[in-house]
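Structure at a glance
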Amino acid sequence: AQKVTQAQTEISVVEKEDVTLDCVYETRDTTYYLFWYKQPPSGELVFLIRRNSFDEQNEISGRYSWNFQKSTSSFNFTITASQVVDSAVYFCALSEAGTGRRALTFGSGTRLQVQP
Amino acid sequence: DTGVSQDPRHKITKRGQNVTFRCDPISEHNRLYWYRQTLGQGPEFLTYFQNEAQLEKSRLLSDRFSAERPKGSFSTLEIQRTEQGDSAMYLCASSLGVLTHYNEQFFGPGTRLTVL
């Protein structure tokens, strides 16, 4: 069965600090996809990134970067020079594409508070 | 820009009543998903449609829940004989499904259900 664990329930940082959100996943499938979503106080989930199981290249997008390591089943998310607007709940999610399933399995989320 | 829309945004009902929610996906998206999110948790998958066919249902979807997507466009989620445990945010998402590629799901703002 697939599972996503986000062990950090809440993180508080001061603006301009770097912060890393951890995500550990479990799956028996060899073909899967990993995602990060942001849920700001307004409530609507915003897609940030998708990664497939065959692509372990790290990715950087502006202040955001993602580190995918199959050896440790982790897909961590780093925000560099955090800003108050980054305050939100961040969810990591997994989909086992090899079985044809399309459902996303989400972690329980990490609430990030960026203080000015 | 027409993202995923959901109606109503809020619904308060008494235990035992039936409720129906509507979701309008992004117009060219052929896949539509329903999730449920309770406070402090990540979204949990309920069901998924590809065009008008309901292809996957979670065990969370009890007999009191039914979803339809009659013309492959909008979808409805009905809950019969509501219980207090049904109180949650009901999220709809859509994606463009292509056989060999997995596309990210885009989420609507959700319908918050409160059962008194």
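In the block above lies the structure referred to throughout.
Here goes a summary of the coordinates provided. (Residues numbered from 1 in each chain as written. Chains lettered and ligands numbered in written order. Predicted model: local features only at pLDDT ≥ 70, side-chain atom pairs only at ≥ 80, totals over all residues. Heavy atoms only, no water.)

A short note on the layout of surface pockets
To keep it simple, the criterion reads: Using protein atoms alone on a 1 Å grid, points that fit a 1.4 Å probe yet trap it form a cavity, whereas open point sets bounded by protein on both sides within 12 Å along at least five of seven lines form a pocket; residues with an atom within 4 Å of a point count as lining. Grid points are joined across faces, edges and corners, and a volume is the space filled by probe spheres set on the points. Strands are runs of DSSP state E lasting at least two residues, helices are runs of H or I lasting at least four, and both sets are numbered from the N terminus onward. Amino acids outside the nonpolar list (Ala, Val, Leu, Ile, Met, Phe, Trp, Tyr, Cys, Pro) and the charged list (Asp, Glu, Lys, Arg) are all regarded as polar, and Gly is one of them.
Considered as a void within the structure, the largest pocket measures approximately 580 Å³ in volume. Put simply, the parts of the chain that give the lining of the largest pocket at least two residues each are β10 (88-95) and β12 (110-115) of chain A. Ranked by the residues each element gives to the lining of the largest pocket, the list is headed by β12 of chain A, at four residues. Residue composition of the lining of the largest pocket, by class: nine nonpolar, 16 polar and four charged. In this structure, the second largest pocket spans a volume of roughly 340 Å³. If you go around the second largest pocket, you meet 18 residues; those closest to its centre are Gln 2, Leu 104 and Thr 105 of chain A together with Glu 44 and Phe 45 of chain B. Residue assignment for the lining of the second largest pocket shows that the elements contributing at least two residues are β11 (105-106) of chain A together with β5 (44-50) of chain B.

A closer look at the environment of His 10 of chain B
Locating His 10 of chain B in the fold gives a position in strand β2 (residues 10-13). When the C-alpha positions of His 10 of chain B and Gly 110 of chain B are compared, they lie 8.5 Å apart, and in sequence the two are 100 residues distant.

As for the state of the cysteines
Put simply, the rule reads: Note on terminology: pairs of cysteine sulfur atoms within 2.5 Å are recorded as disulfides. The cut-offs for exposure are 20% and 50% of the maximum accessible area for each residue type, with area from a 1.4 Å probe on protein chains only; residues under the lower value are buried, those over the upper are exposed, and the others partly exposed.
Applying the stated rule across the entire model yields two disulfides over all chains. Sulfur-sulfur distance for the disulfide between Cys 23 of chain A and Cys 92 of chain A comes to 2.0 Å. The disulfide joining Cys 23 of chain A to Cys 92 of chain A has a torsion of about -65° about its S-S bond and is therefore left-handed. Residue Cys 23 of chain A is located in the loop between β3 (19-21) and β4 (24-26), and its partner Cys 92 of chain A is located in strand β10; the two are separated by 69 residues in the primary sequence. By the burial criterion, Cys 23 of chain A is buried, and Cys 92 of chain A matches it. Cys 23 of chain B shares a disulfide with Cys 92 of chain B; S-S distance 1.8 Å. Torsion about the S-S bond of the Cys 23 of chain B and Cys 92 of chain B cystine: about -70°, corresponding to left-handed handedness. One end of the pair, Cys 23 of chain B, is in strand β3 (residues 19-24); the other, Cys 92 of chain B, is in strand β9 (residues 88-95), and 69 residues separate them in sequence.

Here's the deal with the nonpolar core
Cut-off, in case you're wondering: Working definition of a nonpolar core: buried Ala, Val, Leu, Ile, Met, Phe, Trp, Tyr and Cys residues. They are joined through side-chain atoms within 4.5 Å. We call two residues contacting when some pair of their heavy atoms lies within 4.5 Å.
Trp 36, Phe 75, Phe 77, Tyr 90 and Leu 112 of chain A are the most contacted members of the largest nonpolar core, which totals 23 residues. Those elements that place two or more of their residues in this core are β2 (10-14), β3, β5 (33-39), β8 (64-69), β9 (74-79), β10 and β12 of chain A. When residues in this core are grouped by element, the largest group, four residues, is from β10 of chain A. Contact partners of Phe 77 of chain A, with chain neighbours within four places excluded, come to Val 19, Thr 20, Leu 21, Trp 36, Leu 48, Tyr 64, Ser 65, Trp 66 and Tyr 90 of chain A. If you look at the next biggest cluster of nonpolar residues, it comprises 20 residues, including Ala 97, Ala 103 and Leu 104 of chain A together with Ala 93 of chain B.

Section: the interface of chain B and chain A
Formally: Summed over both partners, the accessible area (1.4 Å probe) lost when two parts come together is defined as the buried area. In what follows, salt bridge is the name for a side-chain nitrogen of Lys or Arg lying within 4 Å of a carboxyl oxygen of Asp or Glu.
Between chain B and chain A, the residue contacts involve 20 residues of the former and 17 residues of the latter. Each partner contributes to the roughly 1800 Å² buried at the junction of chain B and chain A, and carbon and sulfur atoms together form 53% of this total. Contact with chain A buries area across many residues of chain B, yet Tyr 102, Glu 104 and Phe 107 of chain B alone supply 36% of it, more than any other trio. At the boundary of chain B with chain A, the tally comes to one salt bridge. Among the ionic pairs, Glu 104 of chain B bridges to Arg 50 of chain A, the shortest N-O distance being 2.2 Å.

Concerning the packing of aromatic side chains
Where we set the bar: Each Phe, Tyr or Trp ring, with Trp reduced to its six-membered ring, pairs with another whose centre is within 6.5 Å; inter-plane angles below 30 degrees give stacked pairs, above 60 give edge-to-face pairs, and intermediate values give tilted ones.
Counting across every chain of the model gives 22 aromatic pairs over all chains. Where Tyr 64 of chain A meets Trp 66 of chain A, the ring centres are 6.0 Å apart and the plane angle is 85°; that geometry is what we call edge-to-face. The class of Tyr 64 of chain A is buried, set by a relative accessible area of 15%. Taking relative accessible area as the criterion, Trp 66 of chain A reaches 3% and is therefore assigned buried. Between Phe 106 of chain A and Tyr 35 of chain B, the ring centres sit 5.9 Å apart and the planes meet at 90°, which makes this aromatic pair edge-to-face.

What about the pattern of salt bridges?
Inspection of the entire model under this criterion finds seven salt bridges over all chains. With its nearest N and O atoms 2.7 Å apart, the salt bridge here joins Arg 22 of chain B to Asp 24 of chain B. Ionic pairing is found between Asp 86 of chain B and Arg 64 of chain B, a salt bridge with its closest N-O pair at 2.8 Å. With Asp 86 of chain B in the loop between β8 (75-79) and β9 and Arg 64 of chain B in the loop between β6 (53-57) and β7 (65-68), the pair connects residues that are 22 residues apart, well separated along the chain. Residue classification places Asp 86 of chain B among the buried positions, given a relative accessible area of 2%. For Arg 64 of chain B, a relative accessible area of 12% puts it in the buried group. Linked through salt bridges whose partners overlap, the residues forming this network are Arg 51, Asp 55 and Glu 59 of chain A.

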